[in-house]
Amino acid sequence: MPRFLSAEPDTRLLALPWDVSLADWPVEHLVALPRGISRHVVRFIRVGDSVYAAKEVVEHLAVHEYRLLSDLQRLGTPSVDPIAVISGRETPSGKPLDPILVTRHLQFSLPYRALFSSGVRHDTVLRLLDALVVLIARIHLLGFLWGDVSLSNVLFRRDAGEFAAYLVDAETGELHDRLSAGQREHELQIARTNLFGEFCDLEAGGLLDEALKPLTLVETIEARYRELWTELTAVEEFAGNELHRVESRVRRLNALGFDVAELDIETSPDGNSIRIQPKVVDAGHHSRRLLRLTGLDTEEHQARRLLNDLDTYRFRTGQWNVDQAVVAHKWLTDNFQAVVRLIPQELRAKRDLAQVFHEVLDYRWYASQREFREVPIAEAAMGYVKDVLIDLPDEDISADVAAADLGQSPVNPYDPSQGFDDDNGEQPYDPWEDDVEDEDLPAPFGGFDIDTLRAGKKG
Amino acid sequence: MATVNFRDASRVYPGTDRPAVNKLNLDIGDGEFMVLVGPSGCGKSTSLRMLAGLEEVNSGSVYIGDRDVTDLPPKDRDIAMVFQNYALYPHMTVGDNMGFALKMQNVAKEERQQRVLDAAKVLGLEDFLNRKPKALSGGQRPRVAMGRAIVRNPQVFLMDEPLSNLDAKLRVQTRTQIAALQTRLGVTTVYVTHDQIEAMTMGDRVAVLKDGILQQVDTPLNLYDTPENLFVAGFIGSPAMNLMQGTVVEGGVKLGDYTVPVPRETLKKAHAEKTLTLGIRPETFSVADDDDGIPIEVELVEELGADSYLYGILAGFPEDEKLDAPQIVARIKGARQTPNRNTEVRLAIDPDHVHVFSDDSLARLS
């Protein structure tokens, strides 16, 4: 009998074929979505109207990852939501199967292979890298050592003109009180190798713009991470009469999307020099402010864009003296919801609503420039739906944009890790595999045989 | 190739009082396969990261060969790390999958190809070099990960739980392959695992750590036969050594109504201790024909092949304390003399195989 470990049980999961190895699940349960490569068997499964990701993995790792993902959620980290661990699985003939970790598919998310598949612009790649760098810095601030930074372990979501990165694999993660410099270096070393390998793989598959070089890309990531980490954590010393530098540090961090919860300020005994260091820094400065004012839960850059529109609205309607929360409420009704109401239901799977609003603002700006007049928001929204939105692909569950364009089709549409139908020669002989079938399995109780060890060479 | 030496090496993580690694002294020979083993939080991974240069050494030093590498950055240490999490890239050939990190280090193409070819020969993957990884079986995949380390021709291999995400069968297969490969290459290897079976079957020597402190370093058999303290005694061996506390009496230590004979010189080392802990491996018990043995109440008998495993508790515990009584496991050779459940038997002891530990210092006395 399978056992379910879950904080929010989804009873629809109970009826799934847990007695079948995940690689052999009937296709009626599966959804072919683009994703990164994985060492384990991973499938997207459809449960009612929800899509979940399922990963078959040994028990201690499944439970470890479930708990870590729960911790990351609790700490407000952009990461996937763990749903359950199903263990105690066995086939009808009684053969044990590894447990399955189930996580919620992240709506409107784009795996890097989908973003890179049709060729990608240089600045888009840099935005993706920036999103990854911000994610790494954010988890490091929380004391989380990822242990496996890679594009395959990340999902991207559109975030106004930028991207937001989400962690989707915490199998090798460790949560500490804080990370040492050595632990962060370790992480960077793994990141360099993994990312370089992934970029080389994209290059080998003809999926990377020729102007982009794998080595330059990984060096950029490393340099940008170090820059951001320094800004977030470094000590700054200045003369006692330069007090404005305290405020400018805080402003710079806000501009990067971080709040300073604790700032350590030390003054020298003579008062001639001041030393500051941010001690507790939280990501999500703008998204928290927007949530507080309007109840809208968005990505960071979307929030910044919406807040800018809110400020413009306040100025334009002459409400400088009115309480900010009251203005925000009016803006929500007059602007945001007015746009949302104009988006036909059938087009809402194309972009999330905050992203739509951001794109409508862009559309209005260009329209106003073109027509030398202030285009009203409702008119812009209608134009955007007609000219832009209607032609975009659905992204709530990202469409299958696998490498079909390149004349390659995956061996298994549900598993990109198995490669493509381009290499079907006869299997070469491998003497190492000869006696694999005869290999003694470990004793079923997990013990080891000291007599064999005594008889052996070692020791 | 090179030796590796830790000299009083310590690591204290910021914000903690207790060192994660506390004055580690460990000498690893040229070409030796050293396994660091211990429970979670014992400092084994930290030690490995200190050697790799990924973790600062707060005091003491680390040497690779004659070089003090304590303050050298990782890239200058001439080591290669094999991680448990490796990816095989579907668009790249097996050869490129093995050699891509060399490209990152700007190694020239010809040399890269040569090194990949050499590694592939050692790994039996020569005929796969131009294939895509999807042609590889589950057992061949970890070899590519090994190949990534081998192509770097390092002085030392570092492996951090490389088998932990493989299923049971692949783990055994890969374990054997790594050990054989290491012997063939003769490259000094430091291998971290929490799994004592891996440690005992792979290592030339095994270092057991607990709470950041090295407990014992020795060959697998010596660890098994003469554990230096109670922790090592309980940690090494599966099923674990039976550890039973008894009262010191004239000529031995009393367990239930039976006095286990202990040599006078061993008892002398116990000074004034009133109790001592005796350690007895499950396989050194036999069922006594007479009253000469420890009285055991048998709770469960498990027959496994030619042997049977007896699980029970020391006889004579009052009914309400039985649940808390320490369990005793005995492996009885041959099914002939297997007793039944819920009977009382006496287990005879071979005095040469009784390990005696101080309850004060937890150290071995025998």
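Here the structure is a predicted model, which means the values were calculated and not measured.

Take the side chain of E65 of chain A next. Positionally, E65 of chain A belongs in helix α1 (residues 59-74). The class of E65 of chain A is buried, set by a relative accessible area of 1%.

Model confidence for chain A is summarised by a mean pLDDT of 86, while 91% of its residues fall at 70 or above. With pLDDT under 50 throughout, residues 438-446 of chain A is counted as low confidence; its partners more than four residues away or in other chains account for 13 contacts.

The subject of this paragraph is the sheet that holds strand β9 (residues 205-210) of chain B. Residues and elements named next belong to chain B. Pairing is mixed across the open sheet formed by six strands, whose spatial order is β6-β7-β8-β3-β9-β10. Whereas interior strands pair on both sides, the edge strands pair on one side only; in this sheet they are β6 (79-83) and β10 (213-218). Within the sheet, the average angular offset between the axes of one strand and its neighbour, ignoring direction, is 20°. Along the sheet, helix α1 (residues 44-52) makes contact with β3 (33-37), β6, β7 (156-160), β8 (188-193) and β9, crossing β7 at roughly 150°.

With that settled, consider the pattern of salt bridges. Residue and element names in this part refer to chain A. Evaluated as defined, the whole model comprises 51 salt bridges over all chains. With its nearest N and O atoms 3.3 Å apart, the salt bridge here joins E231 to R249. Linking E231 in helix α5 (residues 214-233) with R249 in helix α6 (residues 244-255), this pair joins segments that are 18 residues apart in sequence. A salt bridge links E359 to R351, with the nearest nitrogen and oxygen atoms 3.2 Å apart. Assessed through its relative accessible area of 16%, E359 is described here as buried. When its relative accessible area of 7% is taken as the criterion, R351 is described as buried. Salt bridges here are not isolated pairs; linked through shared partners, they connect E231, E236, E242, R245, R249 and R252.

It is worth spelling out the nonpolar core at this point. Residue and element names in this part refer to chain A. In terms of nonpolar packing, the biggest core is built from 55 residues, with F116, F156, L167 and F199 touching the most fellow members. Top element by residues in this core is helix α3 (residues 122-141). It accounts for 10 residues. Domain assignment of the residues forming this core places at least three in each of domain 1 (3-104) and domain 2 (236-283). Apart from the residues lying within four places of it in its own chain, the contact partners of F199 are F116, L129, L151, L208, P214, L217, V218 and I221.

Adjacent strands of a sheet form backbone hydrogen bonds with each other and so pair up, either parallel or antiparallel. All names here are of chain A. Strand order in the open sheet made by the three strands is β9-β11-β12, with antiparallel pairing throughout. Among the strands making up the open sheet, the edge pair consists of β9 (109-110) and β12 (162-167). Of the strand pairs in this sheet, strand β11 (residues 154-159) and β12 are connected by six bridges, and their pairing is antiparallel. Residue pairing across strands places R158 opposite F163, the latter belonging to β12. Docked against the sheet, α3 engages β11 and β12, running at close to 45° with respect to β12.

All right, on to helix α7 (residues 285-294) of chain A then. Residue and element names in this part refer to chain A. Taken together, the buried positions of α7 are occupied by H285, H286, S287, L290, L293 and T294. Those residues of α7 that are buried are in contact with α6, β15 (258-267), β16 (273-283), α8 (300-316) and α9 (324-341). G295 occupies a position one or two residues after α7 and carries a positive phi of about 80°.

Glancing now at the pairing of strand β16 (residues 294-304) of chain B. The two faces of the sheet receive side chains in turn, since in a regular strand these alternate between them. Residue and element names in this part refer to chain B. In this sheet, strand β19 (residues 344-348) lies alongside β16 in antiparallel orientation, the contact comprising four bridges. The residue bridging E297 from the neighbouring strand is E344, located in β19. Direction of pairing for β16 relative to strand β17 (residues 307-314): antiparallel, over a ladder of eight bridges. Each bridged residue has a counterpart across the sheet, and for L300 the counterpart in β17 is Y311. Once β16 ends, the chain turns through two residues before running back antiparallel as β17, passing G305 with a positive phi of about 60°.

What counts as what
Residues numbered from 1 in each chain as written. Chains lettered and ligands numbered in written order. Predicted model: local features only at pLDDT ≥ 70, side-chain atom pairs only at ≥ 80, totals over all residues. Heavy atoms only, no water. Helix = DSSP H or I, 4+ residues; strand = E, 2+ residues; numbered from the N terminus. Buried < 20%, exposed > 50% of the residue type's maximum accessible area, 1.4 Å probe, protein only. pLDDT = per-residue confidence, 0-100. Contact = heavy atoms within 4.5 Å. Pairing = 2+ DSSP bridges. Axes fitted to C-alpha atoms, helices over the stretch in contact; angles between N-to-C directions. Salt bridge = Lys/Arg side-chain N within 4 Å of Asp/Glu carboxyl O. Core = buried A, V, L, I, M, F, W, Y, C linked by side-chain atoms within 4.5 Å. Domains from an automatic or database assignment.

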